[in-house]
Amino acid sequence: THRMMHIFPFLYKYHKVHHEYKFNTTLAAQYNHPVDYMFTIAFPFLVAVVLVPWAHSVSVFQLTIWTLVANLDDHVGYSFPWSPVRWFPFAAATEEHEFHHSKNLGCFGSKLTIWNSLLGGYERYNNSDSLDKKKK
């Protein structure tokens, strides 16, 4: 959904509010236009809940907390080596989301690298001369 917000101009006009922050801060994590929030945070969350309607309320609460923590982790502006958000295979690096905010290009999958690999999103990141990008 994040990629859609960049591709379609009628959606980007709402998402650009989030990109007023050129560098990530925890304030940027929740700084969204209501339409952007619905598409990029609420809708994917609701899809997950609808796909597993028998989920226990504790599991739904854990998903809620995980969504909030992962979003804050993406925008904290620092790559904590102990962050549980980065423990999973294909987890995107903090530096990728920093690049996305500073250049407003590429690295659309802030949680999983697989989306950037499959749909394209690393071209500009891999070709950038940014000193703080993730070393391959």
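Structure first, text after, so check above.
Residues numbered from 1 in each chain as written. Predicted model: local features only at pLDDT ≥ 70, side-chain atom pairs only at ≥ 80, totals over all residues. Heavy atoms only, no water.

Caption draft 1: Region of the structure containing helix H4 (residues 34–51). An ideal rise of 1.5 Å per residue puts 26 Å on 18 residues; H4 measures up with 24 Å between its terminal C-alpha atoms. The largest bend along H4 measures about 40 degrees and falls at alanine 42, with the proline proline 44 one to four residues further on. Of the residues making up H4, those classed as buried are Asp36, Thr40, Ile41, Ala42 and Phe45. On its buried side, H4 packs onto helix H1 (2–7), helix H2 (9–15) and helix H5 (57–74). (Helix = DSSP H or I, 4+ residues; strand = E, 2+ residues; numbered from the N terminus. Expected span 1.5 Å × (residues − 1). Bend = angle between axes of the 7 residues up to and from the residue. Buried < 20%, exposed > 50% of the residue type's maximum accessible area, 1.4 Å probe, protein only. Contact = heavy atoms within 4.5 Å.)

Caption draft 2: A look at the packing of aromatic side chains. Following the criterion strictly, the structure yields three aromatic pairs and no others. Here the aromatic rings of tyrosine 78 and phenylalanine 80 are separated by 4.9 Å at their centres, their planes lie at 70 degrees, and the arrangement is edge-to-face. Taking relative accessible area as the criterion, phenylalanine 80 reaches 27% and is therefore assigned partly exposed. Ring centres 4.9 Å apart and planes at 40 degrees place the aromatic pair phenylalanine 80 and tryptophan 82 in the tilted group. Three or more aromatic residues link up through ring pairs in this structure, and these residues are Tyr78, Phe80 and Trp82. (Phe/Tyr/Trp six-rings, centres within 6.5 Å; stacked < 30°, edge-to-face > 60°.)

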